[in-house]
Amino acid sequence: MSVRQEFDAWAADGRDKGMEERHWHTAKHALARMPVEDGDAILDLGTGSGYAPRALREATDAGRVYGLDGSPEMTANARSYTEDDAVGFVVGDFDSLPFADDSLDHVWSMEAFYYAADPNHTLEEVARILKPGGTLFCAVNYYEENEHSHDWQDNISVEMTRWSREEYREAFRDAGLHVAEQDTIPDEETEIPPESEFPHEGWDSREAMVERYRVYGTLLTVGVAP
Ligand SMILES: C[S@@+](CC[C@H](N)C(=O)[O-])C[C@H]1O[C@@H](n2cnc3c(N)ncnc32)[C@H](O)[C@@H]1O
């Protein structure tokens, strides 16, 4: 199944909003670290419901904020959730970003980058479109050290790339980006029931659920264009 088919189906049954709710727990902390200045142009790669462009416009003085997604249904939903003319949604693929060289101040991506068919090439594309000093904030929950994410590929038809923390840093550098920061952001909001309620929603033990959310959380890697 293609990205379009898979995620059009997610958008049609409301999973765009479900993702927004879950991802916001850690995305908001990562977004708050983005050094946005007045008028900055920002791109959200794999925007889903488009919550990141909306949040950036509400919390900062960003100028144009774009949300790109390979699913037309996702972008149609995202468009319907805002009336802000400075937020624009584009159907496109991570393989070929429809932006000019040196044209953006920041690129954001949450829980989407690892779906890229060629993630190294996507990083080159990001490096191409960022202005000198521009940043890439790449946030993922699916990564090597987070063993609780390893079976996610079994439930989705789109091929996923599972890199380690080190592989993210190496790939950023190979694409010409300096690594400015790498951190894990714990999810403190997902409710974890008391020991007596386990097994619970697919979790065999409370310990495993605590590790997934409170310890591993979201891996954020920040790159800076030279
Ligand atoms: C798991 S969702 C995450 C959405 C949103 N960033 C969030 O945090 O809720 C991944 C999104 O990336 C998009 N996507 C996946 N692969 C893509 C690709 N190669 N090109 C463009 N968009 C892609 C999907 O259509 C989907 O909307």
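Residues numbered from 1 in each chain as written. Predicted model: local features only at pLDDT ≥ 70, side-chain atom pairs only at ≥ 80, totals over all residues. Heavy atoms only, no water.

Right, let's talk about the site of the ligand for a bit. Not every one of the 19 residues close to the ligand is listed here, only the nearest: His 23, Gly 46, Tyr 51, Asp 69 and Met 110. Within the side chain of Asp 93, an N or O atom sits 3.3 Å from a nitrogen atom of the ligand. In this structure, a nitrogen atom belonging to the ligand sits 2.8 Å away from a main-chain N or O atom of Met 110. Here the ligand, which alone exposes 600 Å², has 98% of that area covered by the protein. (Near = heavy atom within 4 Å. Polar contact = N/O pair within 3.5 Å; in protein donor to acceptor, adjacent residues only side chain to side chain. Areas by Shrake-Rupley, 256 points an atom, 1.4 Å probe, with all protein chains shown as cover.)

This part covers the environment of Lys 17. Counting through the fold element by element, Lys 17 comes out in helix α2 (residues 15–31). The class of Lys 17 is partly exposed, set by a relative accessible area of 34%. For the pair Lys 17 and Ala 78, spaced 61 residues apart in sequence, the C-alpha separation works out to 9.6 Å. Apart from the residues within four sequence positions on either side, Lys 17 is in contact with Arg 54 and Tyr 81. (Helix = DSSP H or I, 4+ residues; strand = E, 2+ residues; numbered from the N terminus. Buried < 20%, exposed > 50% of the residue type's maximum accessible area, 1.4 Å probe, protein only. Contact = heavy atoms within 4.5 Å.)

For the coordinates displayed, the defined rule picks out 11 aromatic pairs. Consider the rings of Trp 24 and Tyr 51, whose centres lie 5.9 Å apart with planes at 85°: the pair is edge-to-face. With Trp 24 in helix α2 and Tyr 51 in helix α3 (residues 51–59), the pair connects residues that are 27 residues apart, well separated along the chain. Each ring, one from Tyr 66 and one from Phe 99, has its centre 5.1 Å from the other, and the planes form 65°; the classification is edge-to-face. Residue Tyr 66 is located in strand β2 (residues 65–69), and its partner Phe 99 is located in the loop between β3 (87–91) and β4 (104–110); the two are separated by 33 residues in the primary sequence. Overall, the relative accessible area of 13% leaves Phe 99 in the buried class. An aromatic cluster is defined as three or more aromatic residues linked by ring pairs; in this entry it consists of Phe 7, Trp 10, Tyr 114, Tyr 115, Tyr 142 and Trp 152. Sitting over the ring of Tyr 81, Lys 17 keeps its end group 4.2 Å from the ring centre. We note Arg 212 situated over the ring of Tyr 213; from NZ or CZ to the ring centre the distance is 4.5 Å. (Phe/Tyr/Trp six-rings, centres within 6.5 Å; stacked < 30°, edge-to-face > 60°. Lys NZ or Arg CZ within 6 Å of the ring centre and 35° of its normal.)

Without other data, these values stay purely geometric and don't point to any function.
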